[in-house]
Amino acid sequence: MNTKKTKYFVLPLVLLFMASFVFAQSSQELQQEYNEKLQQLKQINADMSAPDITKEKYDQLKQRYDELQKEIAQLKEKLNQDKAYQDRMNRAKLAYNNGNTFYKQGQYDKALEAYDKSISIDSSNARAYYGKGLSFYRQRKYSEAIEAFQNAVDVDPTYYSAYSTLGSVYRSRRMYDKAIEAYQKAIDLNPDRHTYVYNLGTTYLSAKQLDNAVNAFRKAIQIKSDYEKAYNSLGVALLQRGDTQDAINAFQNAISIDDEYDEAYWRLSSALNQVGRHQEALEAAQNCLENTRRFNGAANYEAGLACKNLGRTQQAIGYFESAAQDRNWRKNAEYELKQLRGE
């Protein structure tokens, strides 16, 4: 065998192997640097949320936060040029898509398996953590859902949808302080999303922080002027705060946007009864009954009160009897019936 030819044949293979080794090593270093910068971003994100932070310190952190985001994007672009990395990301994406398919089919255990497989391939896959959170939430495994959503925002501190859904889980568990914090983070990242501001308002309302609730609902309306749900909830907060006339205006605004808005008609009827405008209250309650079955008990009760105060006793009895069919309004309706019947 010709030794010279063998040497020239082997040498390119050796160089190719060495090049691939160096490239792989470089890819690993890029991945490590990428992960480290993600952790830095996470820490800065946490520092920016500190309650006692000064504006000067916040501005410094925000500048570094923006710089890190650009550096991470550049590293991501470099990694995407690596075929081995691309193959790995494609496998992670396939597993993630399988998880989405199982989730849509209601097969949550299989969805969780697929999302976990995606995460095992790509631990920075924030969307897979988000999918896990949704799956756990559907299974009413709230602690696991919270952990998964928290992992999603740890991996991607700019993931405003995950912050918002995390807030919704906290709110459903009546953990209002944590819900408010999560919603506020979502709003900071995406201030033009009216639903995030609205959800913050409903959390303040549940927590009986009425001034904050009013401000949040008004801000949601500023973002989306025809947001009937925000007008309705604004009316609820104003009514609880004792601002009855302003509440009436808010309910009327909701109805002007959607003239079949059953809940707004019921709440308007209640507010009108409170200020002695009983004929208008009766009309609002009747409009509610024409557009709903959800609020039949409430609307019948308010219609009964209006008729009672208008001196229409038999009509009032009929409405209260209908209200008594709803277990949520039975006690109040039966009390009014006894009064009207002299029992």
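Now for a look at the structure at hand. Predicted model, so just to flag it, every value in this text is computed and none were measured. (Residues numbered from 1 in each chain as written. Predicted model: local features only at pLDDT ≥ 70, side-chain atom pairs only at ≥ 80, totals over all residues. Heavy atoms only, no water.)

Further remarks concern the overall build of the protein chain. Scanning the protein chain for helices and strands turns up 17 helices and zero strands. A compact globule built from 343 residues should have a C-alpha radius of gyration of about 20 Å, whereas the protein chain, at 30 Å, is more than 25% larger. On the principal axes, the C-alpha backbone points of the protein chain span a range of 120 × 50 × 30 Å. Taken over 343 residues, the protein chain has a buried fraction of 42%. Intrachain contacts of the protein chain at a sequence separation of at least 6 include 49% that bridge at least 24 residues. (Helix = DSSP H or I, 4+ residues; strand = E, 2+ residues; numbered from the N terminus. Rg over C-alpha atoms; globule rule 2.2 N^0.38 Å. Buried < 20%, exposed > 50% of the residue type's maximum accessible area, 1.4 Å probe, protein only. Contact = heavy atoms within 4.5 Å.)

Right, let's get into helix α9 (residues 194-206). Taking 1.5 Å per residue as the helical rise, α9 with its 13 residues ought to reach 18 Å, and the 19 Å between its terminal C-alpha atoms agrees with that figure. Within α9, ten of the 13 residues are buried, which leaves the element mostly enclosed by the surrounding structure. By the burial criterion, the buried members of α9 are Tyr-196, Val-197, Tyr-198, Asn-199, Leu-200, Gly-201, Thr-202, Thr-203, Tyr-204 and Leu-205. In this structure, the buried residues of α9 make contact with α7 (160-172), α8 (176-189), α10 (210-223) and α11 (228-241). Once α9 ends, the next one or two residues include Lys-208, with phi positive near 65°. (Expected span 1.5 Å × (residues − 1).)

Take the side chain of Thr-244 next. Relative to the elements of secondary structure, Thr-244 occurs in helix α12 (residues 244-257). In this structure Thr-244 touches Leu-239, Ala-271, Gln-274 and Val-275, once residues within four positions along its chain are discounted.

Let's shift gears to the pattern of salt bridges. A full pass over the atoms with the stated rule returns 13 salt bridges. The partner of Asp-116 in a salt bridge is Lys-132, with the nearest N and O atoms 2.9 Å apart. Highlighted residues: Asp-116 in helix α4 (residues 108-121) and Lys-132 in helix α5 (residues 126-138), separated in sequence by 16 residues. By relative accessible area, which is 37% here, Asp-116 ends up partly exposed. Taken together, the salt bridges that share partners define one network made up of Arg-64, Glu-67 and Glu-71. (Salt bridge = Lys/Arg side-chain N within 4 Å of Asp/Glu carboxyl O.)

Turning our eyes to something else, we now look at the packing of α10 against α11. The N-to-C vectors of α10 and α11 enclose an angle of 155°; their axes lie 9 Å apart at closest approach. Compared by their axis directions, α10 and α11 come out roughly antiparallel. Note on packing geometry: the crossing formed by α10 with α11 is left-handed. Mapping the contact onto sequence places Leu-210, Asp-211, Ala-213, Val-214, Phe-217, Arg-218, Ala-220 and Ile-221 in α10 and Ala-230, Tyr-231, Ser-233, Leu-234, Ala-237, Leu-238, Gln-240 and Arg-241 in α11. Looking at side-chain class alone, the contact of α10 with α11 contains eleven nonpolar, two polar and three charged residues. (Axes fitted to C-alpha atoms, helices over the stretch in contact; angles between N-to-C directions. Parallel < 35°, antiparallel > 145°, perpendicular 65-115°, else oblique. Left-handed = near helix turned anticlockwise from the far one by under 90°. Nonpolar A, V, L, I, M, F, W, Y, C, P; charged D, E, K, R; others polar.)

Moving on to the packing of helix α6 (residues 142-155) against α7. Here α6 crosses α7 at 160°, and the two axes come no closer than 9 Å. Here α6 lies roughly antiparallel to α7, going by the angle between them. Crossing angle aside, the handedness with which α6 passes α7 is left-handed. Judged by residue contacts, Tyr-142, Ile-146, Phe-149, Gln-150, Ala-152 and Val-153 of α6 engage Ala-162, Tyr-163, Thr-165, Leu-166, Val-169 and Tyr-170 from α7.

What follows deals with the nonpolar core. Counting residues in hydrophobic clusters, the biggest one holds 86 residues, and the most contacted among them are Leu-205, Phe-217, Leu-234, Phe-251, Leu-268 and Tyr-301. Once residues within four sequence positions are removed from consideration, Phe-217 is found in contact with Tyr-198, Gly-201, Thr-202, Leu-205, Ala-230, Ser-233, Leu-234 and Ala-237. Among the nonpolar cores identified, the runner-up in size contains eleven residues, and Tyr-34, Met-48, Leu-61 and Leu-75 belong to it. (Core = buried A, V, L, I, M, F, W, Y, C linked by side-chain atoms within 4.5 Å.)

What follows covers the side chain of Ser-135. Inspection of the secondary structure puts Ser-135 in helix α5. With residues up to four places along the chain from it excluded, the contact list for Ser-135 reads Tyr-103, Tyr-108, Ala-111, Leu-112 and Tyr-115.

What follows covers unusual backbone geometry. Even without being glycine, Arg-174 reaches a positive phi, approximately 60°. Counting through the fold element by element, Arg-174 comes out in the loop between α7 and α8. Positioned with a positive phi, Lys-208 is a non-glycine residue whose angle comes to about 65°. Under the relative-accessibility criterion, Lys-208 is labelled exposed at 59%.

Bringing the environment of Asn-249 into the picture now. Along the chain, Asn-249 falls in helix α12. Each C-alpha atom of the pair Asn-249 and Gly-235 lies 7.6 Å from the other, and the pair is 14 residues apart in sequence.

Function cannot be read off these values alone, since they describe shape.
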